[in-house]
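# Understanding the architecture of this molecule
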Amino acid sequence: MNSSITMNAYAKINLSLEVLRRRPDGYHDILSFMQDLGLHDVVTMGLTEESLGICMQKFPSNNCFIQGVRVKFCMNYSAISLGSDNLAYRGVEAVLKALPEDGKRPEELYLFVDKKLPVAAGIAGGSGNAAGCMLATNALCGNPFSLRELMVLGASVGADVPFSLMMNARKNRTVFSELPGIEEASVAAEIEGIGEIVRPTEPKPYGVILMNPGIGVSTREVYEALDAQSGRSVEEKLFFNRMEEYTLKQYPEAKALKDAMEANLRADRVLMSGSGPTMVAYYNSMAQAESDYRMAKDAPWIRDNWKVWYTESGEMYDEH
Ligand SMILES: C[C@@](CO)(OP(=O)(O)O)[C@H](O)COP(=O)(O)OP(=O)(O)OC[C@H]1O[C@@H](n2ccc(N)nc2=O)[C@H](O)[C@@H]1O
Ligand SMILES: Nc1ncnc2c1ncn2[C@@H]1O[C@H](COP(=O)(O)OP(=O)(O)O)[C@@H](O)[C@H]1O
């Protein structure tokens, strides 16, 4: 059994997103096509501090007990608390809580999250952290749970966590090769329910230019704003995002970003991901995407607070 695990915790994008209805619990049923994004944070977790190979003293840390296990949790990002509302913490907690009383339970866990992704951006960076921590905790405990069992547990951590678990298991399949059920994992899925119904499907490969306007958008705010709209027809098509209209109207910087991308990039489509404000330019041609990225990254139309990345979606990556 490994004493430490390092994995890339990848973000997701929504190639389609329809919000069907508000449920009595306040959540919403959705229809979405979700796919991996080649951008990621890095989650490192081990049974000893030395096994991480990281100088944890350099970063803010929280020494806590989670379900009777001593956990030292560090993150190179101080704007998010390291307590029980952190999605990484909640991922560890969900797995430890579900372990059987007589199951293998480590005495200590050491966790470092290297945050690179923008926060509250519509690309599920936090859910990816939760998913990564669940996969790593499960592996360090000897894989008591299958992928599908982890996905059920993940739904109580966050609506995007079940998909993040499957997609991250697939993308880190050499790290989690012993995980029961990993063979059914895909980087793409049709999503229903609040996000807990995940149907793995064939990926659709795209070159991607991703741009973020340097602001965060609250997912809850966007869902609640949609409650005020009534009598709309259901759109199931690819490259439709029900949330886009509200976010663009409410956040002029997001609208300015989308307008600029549409005017200056030769992408096949530009669509907001999730509740936003991150915008995704999709390219059938990877070469076109790469050449647009080279042109765009230092272009005068890019505002100082905008961030630009070139990556891919819908392909298998072997990172390890
Ligand atoms: C909109 C989507 C589309 O993929 O992505 P993001 O924009 O967050 O990336 C997701 O549905 C976001 O999922 P996630 O961000 O995990 O949501 P959660 O943390 O569980 O919930 C945050 C808040 O969003 C609302 N919420 C979330 C999911 C859902 N199906 N219905 C909801 O109403 C609830 O008000 C909840 O309090
Ligand atoms: N480890 C984490 N990484 C990112 N966000 C986190 C984390 N833990 C808690 N959060 C909170 O969760 C919210 C959603 O985070 P995130 O996944 O980045 O949003 P989105 O899905 O919109 O991209 C943020 O407002 C943030 O404060």
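As the structure is a prediction and not an experimental result, all values here were calculated from the model.

Neighbouring ligand 2 are 18 residues, the closest being Leu87, Ala124, Gly125, Gly126 and Asn129. For the shell around ligand 2, the elements supplying multiple residues, two or more each, are α1 (87-98) and α2 (125-140). Among the elements that make up the shell around ligand 2, the one with the highest residue count is α2 (four residues). Tallied by class, residues from the shell around ligand 2 come to eight nonpolar, nine polar and one charged. Each of domain 1 (4-201) and domain 2 (206-313) contributes no fewer than three residues to the shell around ligand 2.

All right, on to the UniProt feature "domain: GHMP kinase N-terminal" (unreviewed entry) in the protein chain then. Per the UniProt record, the feature "domain: GHMP kinase N-terminal" (unreviewed entry) sits at residues 86-166. Secondary structure content for residues 86-166 is 52% helix and 9% strand, and the end C-alpha separation is 20 Å.

Attention shifts here to helix α8 (residues 286-296). Within α8, burial applies to Ala289, Asp292, Tyr293 and Ala296. Relative to the axis of α8, the buried residues are bounded by an arc of 105° and lie together on one face. Structural note: α8 exposes Ala287, Arg294 and Met295 on the side pointing more than 90 degrees away from its buried face. Residues of α8 that are buried sit in contact with β8 (206-212), α7 (252-264), β10 (279-283) and β11 (307-313).

Another aspect to go through is the domain arrangement of the protein chain. Segmentation of the protein chain into domains returns domain 1 (4-201) and domain 2 (206-313). One C-alpha centre belongs to domain 1, the other to domain 2; they are set 25 Å apart. Domain 1 puts 24 residues into the contact, and the matching count from domain 2 is 32 residues. Within the residue set of the side of domain 1 that touches domain 2, elements represented by two or more residues are β1 (4-22) and β2 (28-46).

We now examine the site of ligand 1. In the vicinity of ligand 1 lie 21 residues, with Gly158, Asp160, Ile194, Gly274 and Ser275 positioned nearest. Of all elements in the fold, only β1, β2 and α5 (219-227) reach the threshold of two or more residues within the shell around ligand 1. Here the shell around ligand 1 is composed, by residue class, of eight nonpolar, 11 polar and two charged. For the shell around ligand 1, the domains that each give at least three residues are domain 1 (4-201) and domain 2 (206-313).

The rules behind the values
- Residues numbered from 1 in each chain as written.
- Chains lettered and ligands numbered in written order.
- Predicted model: local features only at pLDDT ≥ 70, side-chain atom pairs only at ≥ 80, totals over all residues.
- Near = placed C-beta within 6 Å.
- Helix = DSSP H or I, 4+ residues; strand = E, 2+ residues; numbered from the N terminus.
- Nonpolar A, V, L, I, M, F, W, Y, C, P; charged D, E, K, R; others polar.
- Domains from an automatic or database assignment.
- UniProt positions renumbered as here; feature names shortened; annotations may be inferred.
- Buried ≥ 20, exposed ≤ 12 C-beta atoms within 10 Å, placed from the backbone.
- Arc of directions from axis to C-beta.
- Contact = placed C-beta atoms within 7 Å.

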